[in-house]
Amino acid sequence: MPLQIFNTTRRKIDEARLAEAVRMVVGEEGGAIGSIEAVYCGNKMIRRINRDFLGHDYVTDTITFGYSDGGEVDGEFYISLDVIESNAKRFGATFDDELLRVTIHSALHLMGHDDETPELRAAMSRREDYYMECFRP
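Residues numbered from 1 in each chain as written. Predicted model: local features only at pLDDT ≥ 70, side-chain atom pairs only at ≥ 80, totals over all residues. Heavy atoms only, no water.

**Focus: the packing of helix H1 (residues 15-28) against helix H5 (residues 118-134)**
Here is the rule we go by: Each axis is a line fitted through C-alpha atoms, and for a helix only the stretch in contact is used; angles between axes span 0 to 180 degrees, taken between their N-to-C directions. Secondary structure elements are taken from DSSP: a helix is a run of H or I of four residues or more, a strand is a run of E of two residues or more, and numbering for both begins at the N terminus. Comment on the angle field: the value is read as roughly parallel under 35 degrees, roughly antiparallel over 145, roughly perpendicular from 65 to 115, and oblique elsewhere. Here a crossing is taken to be left-handed if its near helix is turned anticlockwise relative to the far helix by less than a right angle, and right-handed if that turn runs clockwise. For this analysis, residues touch if any pair of their heavy atoms sits within 4.5 Å. Three classes are used: nonpolar for Ala, Val, Leu, Ile, Met, Phe, Trp, Tyr, Cys and Pro, charged for Asp, Glu, Lys and Arg, and polar for all others, with Gly counted as polar.
Axis separation between H1 and H5 bottoms out at 11 Å; the angle between their running directions is 125°. One element, H1, and the other, H5, form an angle in the oblique class. In terms of crossing hand, the pair formed by H1 and H5 is right-handed. Packed against H1, whose contacting residues are Met24, Val25 and Glu28, the element H5 presents Tyr130, Tyr131 and Cys134 at the interface. Within the contact of H1 with H5, the residues separate by chemical class into five nonpolar, no polar and one charged.

Printed below as a string of structure tokens:
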């Protein structure tokens, strides 16, 4: 399957909605899905990935690895549902909305968007807002 969603936790998530978001972002940003794995996990797993692959010994909301070299979009991303839950409370958002936003954020990373500088972060945030609006009733 070109897009696979894995939930390694016991928390229920709307996998169909999250898959729709990834497909929308990739499509509207001019890509086609080759092979994307979206892994929804807990703090233990994301901290290990952050430490082992990026040299950062702390939890984070998402880690994205893009493998595309032109053509189809290939990659994987990991999202900590524990961090999503705490960030949702911190930002006054629902868990589902925060999860959707971070999933969109991860898909944007796969499409080559970066958030290394304040300007890039602001541009990426505007793209997130655009896609979030697509899911509003």
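**Side note on the pattern of salt bridges**
Inclusion rule: Salt bridge, as used here: a side-chain nitrogen of Lys or Arg that lies within 4 Å of a carboxyl oxygen of Asp or Glu. Buried residues are those whose accessible area, probed at 1.4 Å on protein chains only, stays under 20% of the maximum for their type, while exposed residues exceed 50% and partly exposed ones sit between those limits.
Evaluated as defined, the whole model comprises eleven salt bridges. Measuring nitrogen to oxygen at the nearest pair gives 2.7 Å for the salt bridge that ties Glu29 to Arg127. Pair noted here: Glu29 is in the loop between H1 and strand S2 (33-41) and Arg127 is in helix H5, with a separation of 98 residues, a long-range link. Glu29 sits in the partly exposed class, given a relative accessible area of 22%. Measuring nitrogen to oxygen at the nearest pair gives 3.0 Å for the salt bridge that ties Arg101 to Asp129. Placement of Arg101 in helix H4 (residues 95-110) and of Asp129 in helix H5 is noted, with a sequence separation of 28 residues between them. The partly exposed category is assigned to Arg101, whose relative accessible area is 22%. Here Asp129 falls in the partly exposed class, since its relative accessible area comes to 36%.

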